[in-house]
Amino acid sequence: MVSGNATASVTAQRAAKVTSRDVALERKLRRAMQGEVRFDAFTRGRYATDASIYQIMPMGVVMPENAEDLEAALTIAREEGVPVIARGGGTSQNGQPIGEGLVIDCARHLDRVLDYDPQARTIRVEPGMVLERLNAQLRADGLFFPVEPSTASRCTIGGMTGNNSCGARSIRYGKMVDNVLAVDGWFHHGEAFRYGAMSGDDGGVTGSPDARKLATSLVGLAHAERAEIEARFPQVQRRVGGYNLDALLAPVPNLAHLLVGSEGTLAISRAVTLALSPLPQYRVMGVCHFPSFRAAMETTRHLVELGPVAVELVDRNVLELGADIDIFRRTLAQITRGQPDCLLLVEFAGESMDALRDDLARLDQCMADHGYPDAVVEVIDAGAQKQVWGVREACLNIMMSMKGDGKPVSFIEDCAVPLTHLADYTDRVTAIFEKHGTRGTWYAHASVGCLHVRPILNMKTDDGVRAMRAIAEETFEEVRRFEGSHSGEHGDGISRSEFHEAMFGTRMVRAFEAVKNAFDPQGRLNPGKIVRPLTFDDRDQLRYPPGYAQAAPRETALDWSDHGGMLAAVEMCNNNGTCRKRVGGAMCPSFRVTGSEVHVTRGRANTLRLAMTGQLGEDAFTDPAMKATMDLCVSCKACRHECPTGVDMARMKIEFLSHYHARHGLPLKERLIAWLPRYAPLASRLRGLVNLRDRVAGLATLSEKIAGFSARRSLPVWRKPWAERRAPSSPQDVIGDGRDVVLFGDTFNRYFEPENLAAAARVLARAGYRLHRVAPADRGRPLCCGRTFLAAGQVDEARLEARRTRDALIPFVERGARVIGLEPSCLLTLRDEFHALLPHEATQALSDATFLFEEALAADQEAGVIDLAFADQGGRKAYLHGHCHQKSFEAFGPVETLLRVVPGLKLETIESSCCGMAGAFGYDARTIDSSLAMGELSLFPALREAEPDAVILADGTSCRHQIGDGVAREAIHVARFLDQALNE
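Residues numbered from 1 in each chain as written. Predicted model: local features only at pLDDT ≥ 70, side-chain atom pairs only at ≥ 80, totals over all residues. Heavy atoms only, no water.

1. With respect to the overall build of the chain
A count of helices and strands for the chain gives 45 helices and 27 strands. Relative to its length of 984 residues, the chain is compact, with a C-alpha radius of gyration of 30 Å against a globular reference of 30 Å. Overall, the chain is about 95 × 70 × 60 Å in size when its C-alpha atoms are taken along their principal axes. For the chain, the proportion of its 984 residues judged to be buried stands at 63%. Side chains of the chain carry 115 positive and 126 negative charges; the gap between the two charge centres is 5 Å. (Helix = DSSP H or I, 4+ residues; strand = E, 2+ residues; numbered from the N terminus. Rg over C-alpha atoms; globule rule 2.2 N^0.38 Å. Buried < 20%, exposed > 50% of the residue type's maximum accessible area, 1.4 Å probe, protein only. Lys, Arg positive; Asp, Glu negative; His and termini not counted. Charge placed at Lys NZ, Arg CZ, Asp CG, Glu CD.)

2. Remarks on the sheet that holds strand 6 (residues 122–125)
Pairing is antiparallel across the open sheet formed by six strands, whose spatial order is 5-6-11-8-9-10. Among the strands making up the open sheet, the edge pair consists of strand 5 (113–117) and strand 10 (205–206). In the sheet, strand 9 (residues 192–195) pairs with strand 10 via two bridges, with the strands oriented antiparallel. Paired with Tyr195 across the bridge in strand 10 is Val205. (Pairing = 2+ DSSP bridges.)

3. Digging into the pattern of salt bridges
Inspection of every chain in the model, using the stated rule, returns 72 salt bridges. Note that Glu571 and Lys460 form a salt bridge whose closest N and O atoms lie 2.7 Å from each other. Highlighted residues: Glu571 in the loop between helix 22 (566–570) and helix 23 (589–594) and Lys460 in the loop between strand 19 (450–457) and helix 18 (462–481), separated in sequence by 111 residues. As a salt-bridge pair, Glu936 and Arg944 come within 2.7 Å of each other at their nearest N and O atoms. Accessibility expressed as a relative area gives 37% for Glu936, which makes it partly exposed. Several salt bridges share partner residues, and in doing so they unite Asp115, Arg124, Asp184, Arg194 and Arg270 into one network. (Salt bridge = Lys/Arg side-chain N within 4 Å of Asp/Glu carboxyl O.)

4. Observations concerning the nonpolar core
The nonpolar side chains of a soluble globular protein tend to be buried with one another. Membership of the largest hydrophobic core comes to 200 residues, with the highest contact counts inside it found for Ile157, Tyr195 and Leu245. Broken down by element, this core gets its largest block of residues, eight residues, from helix 35 (residues 795–814). Beyond its immediate chain neighbours, meaning those up to four positions away, Leu245 contacts Leu221, Ala222, Ile229, Phe233, Leu258, Met508, Ala511, Phe512 and Val515. By size, the runner-up hydrophobic cluster in this structure holds 38 residues, among which are Ala760, Ala767, Val895 and Ile972. (Core = buried A, V, L, I, M, F, W, Y, C linked by side-chain atoms within 4.5 Å. Contact = heavy atoms within 4.5 Å.)

5. Here we look at the packing of aromatic side chains
By the definition in use, this model includes 24 aromatic pairs. With a centroid separation of 4.2 Å and 20 degrees between ring planes, the pair formed by Phe187 and Phe193 is classed as stacked. Owing to a relative accessible area of 2%, Phe193 belongs among the buried residues under this scheme. Ring geometry for Phe187 against Tyr195: centres 6.4 Å apart, planes inclined by 70 degrees, an arrangement best described as edge-to-face. Tyr195 matches Phe187 in its accessibility class, with the two residues each being buried. (Phe/Tyr/Trp six-rings, centres within 6.5 Å; stacked < 30°, edge-to-face > 60°.)

6. Side note on unusual backbone geometry
Across the junction of Ala552 and Pro553, the peptide omega takes the value -10 degrees, indicating a cis bond. When you line up the elements, Pro553 lands in the loop between helix 21 (506–519) and helix 22. At the junction of Met587 and Cys588, the peptide bond is cis and its omega measures out at -15 degrees in the coordinates. Not every positive phi belongs to a glycine, and Asn164 is a case in point at roughly 55 degrees. In this fold, Asn164 is placed in the loop between helix 6 (157–163) and helix 7 (170–173). Positive phi outside glycine occurs at Arg532, with the angle close to 45 degrees. With respect to the helices, strands and loops of the structure, Arg532 is situated in the loop between helix 21 and helix 22. Residue Arg532 is classed as partly exposed on the basis of its relative accessible area, which comes to 45%.

7. Examining a nonpolar patch on the surface
A contiguous nonpolar patch, built from Leu668, Leu672, Leu682, Leu686, Leu689, Val690, Leu692, Val696, Leu699, Leu702 and Ile706 and spanning about 880 Å² of accessible area, is present on the exposed surface. Breaking the nonpolar patch down by element, the ones donating at least two residues are helix 28 (668–674), helix 30 (687–690) and helix 31 (699–707). Here Leu686 is to be found in the loop between helix 29 (676–685) and helix 30. A relative accessible area of 40% places Leu686 in the partly exposed class. (Patch = residues over 30% accessible without salt bridge, like charges linked within 9 Å, V, L, I, M, F, W, Y side chains within 5 Å. Areas by Shrake-Rupley, 256 points an atom, 1.4 Å probe, with all protein chains shown as cover.)

Right under this line is the structure:
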């Protein structure tokens, strides 16, 4: 085997290699296009992968601003003889949108609605339109596009068209090919055309005479091969392999249907016309429990006979892994009874709730008839159904959350067989896995016999790759034996194109090649897919090539043993792209404002992985280009919570910055921020002088020039610090009955908003808690969590603060005291980063005893330990914004719970991502525009609509400052509001 360093250097040379041809191509593209043209190694690396096991470095990447840009790119690529690969959301699982040519990112800008006719139920959109965004626009007219893959929050219409996507409800609505009316596109040489149904005056074709001639010849080819098509095309609904020549045998053929599923190998889409469906008024779900996997498979066809919209499988692996993931644990607990081996989610939809309840009754009876009485949990509430679908849609990512080198690998994951053979087929495949010393995870579309399955393999080894080849060949043989399709939803790409000859026969493959030659005679469009395929197990084109190993950093500043090392933590990103969602939750705020792959968790993780393994050149890990990749990460920790595989980019940024600043030095602004807790006592005494920055004209501008603090931002005002009046406590003062608390005074509230700590102390005292004052062992400055040092990558200094704080608090904790804090970013550092700074039993004990203010009060109020009697608010309105770290640690729910105890308070929680201030991020002159743009996503608009007398609540110091700057409204900490409500 090639050594890791040797392989890394070879790969790095490939990434960094720049030829005169590349330079000429880049120059021509820059002159001809308005959109971005990127040929640097870091950008190319981010586009070298999709959600598959493959990685191929492209020549360059372009991001067209408009159709003219795209046409220009195609023309120039043809002139230079360069292959072209069109890319949507990059969520394909078989390597479709990657290759050695020019990658065209259609998702960045090409996302407009071009024509919409709600009466005719049709819409024409650009290829980069994201499905979830499209359906959000259609909802007002009671319509939707019914092909809904689990990646709906980030997959694009162009990508769905290219892959012939299906989704969970295909049993009712069909595949993409059943819902596409027409495709506008360009041939390989840049000539425009439109293909649709071959009827009417234009015969379904617009464009040059050559476009018409091609259409006629392709219909002729299909009819010439009718007998072979009927004999070799699998007779299952979920057949998406090869080219759709069978569609041209229809009485009125539609040439667009040949392009659907062609994976960008025949033409490049300019627009897609879709057929829309009425949005069902009601949906209900029955969660069917089974004692064994085979029992579920045998029963599926009987459930399908009831006429549901969907029947989806969730197997034991997903149930077990999901129970360990915060965002899924509660939902799974609500829908499962006992210990089922697997679940089938059965959905019915229609216009009458009474009829749907009858459907559920029939479902329950059907289950009982087959030996499973009382095995259905009904889910009627729409919100609850959404949560259940969230679990189902995340099945892939839940499975990929497995730690270690062995991962569920995608290459046979969407074979489809007739329902009558489903149980036997799954048994055979399971036996194949066992034969090769592994196991598989099953989920998804039981309704159409298309179960996604991934054997667990270590793709970093030759043995793992050999096992993949053997499993593929043996599984596809079983698929043919059961008259199924080896490609049932996710397309062909690199994974399955090699196996077309065995599935369709030599003659049919020659017909596919004839189609390719007719459209793309020079083979410039996405070569190596569907026909004349790349070898599916060539290790040189896998994400983990021979010799793959970590090259940097040699030693880490943080402890990564919980992941098996930092590289293993980075590799948890499977590229499925959940972080590319634009609405719902908090992830990923920088992507939401830029739409750029560089500024999304996936893009950062890919860049880190390539840099750490030497694939972007020597010292890439601490290169300024790596710094630019991380700059807009606001460390919101949303990915830690919302990424189903648990990618924690905030923690990775700390590690990265520690190495980057060690090499390049720490700028003045970062130094001032990092050491703030150390100089805060002095600054507060000199507050009259320090606060002049925002009072004397010109000083703000000077601070921007010298330190980089934006002159457009006021800085926090230094105040007389909060000081506990009690004498320092002794651990022996702790009684241990649950009422002993230490109020942790963080730096920000202590020196900038001391009224918050004073209010919290009063509320805690009114609730009957005993407050203990803990002084550090050196009796010096107050305790600190180290957050500011972490934000600047100064890990050693943060570790000193962590040890100082832990050692002072742990004697109280060991005797039963709890530590309560107000600032989420500070207090939750004790629950999170302290483990990576000081892995020890004492750290865990402190973590377990640490609570945010509302967490402690809400839990004790619910348990009856305390009884706070708040004054009636008389219908007063309150708007609540959650801090990102509260959401990440499931600590936001208690805030809502506690506030709903206040009588007469009308609470509205703002659905928002990061406010955009994010500590020092919003003060930086380089990032203030991004900061404000994040606030404009949802927070600012919601607060501009707020009633003038409404109270605005936000626990984050940064959040309150951002709200003040963004909408000129005062936001207060919940502790202050509760203190006022108690004293009214």
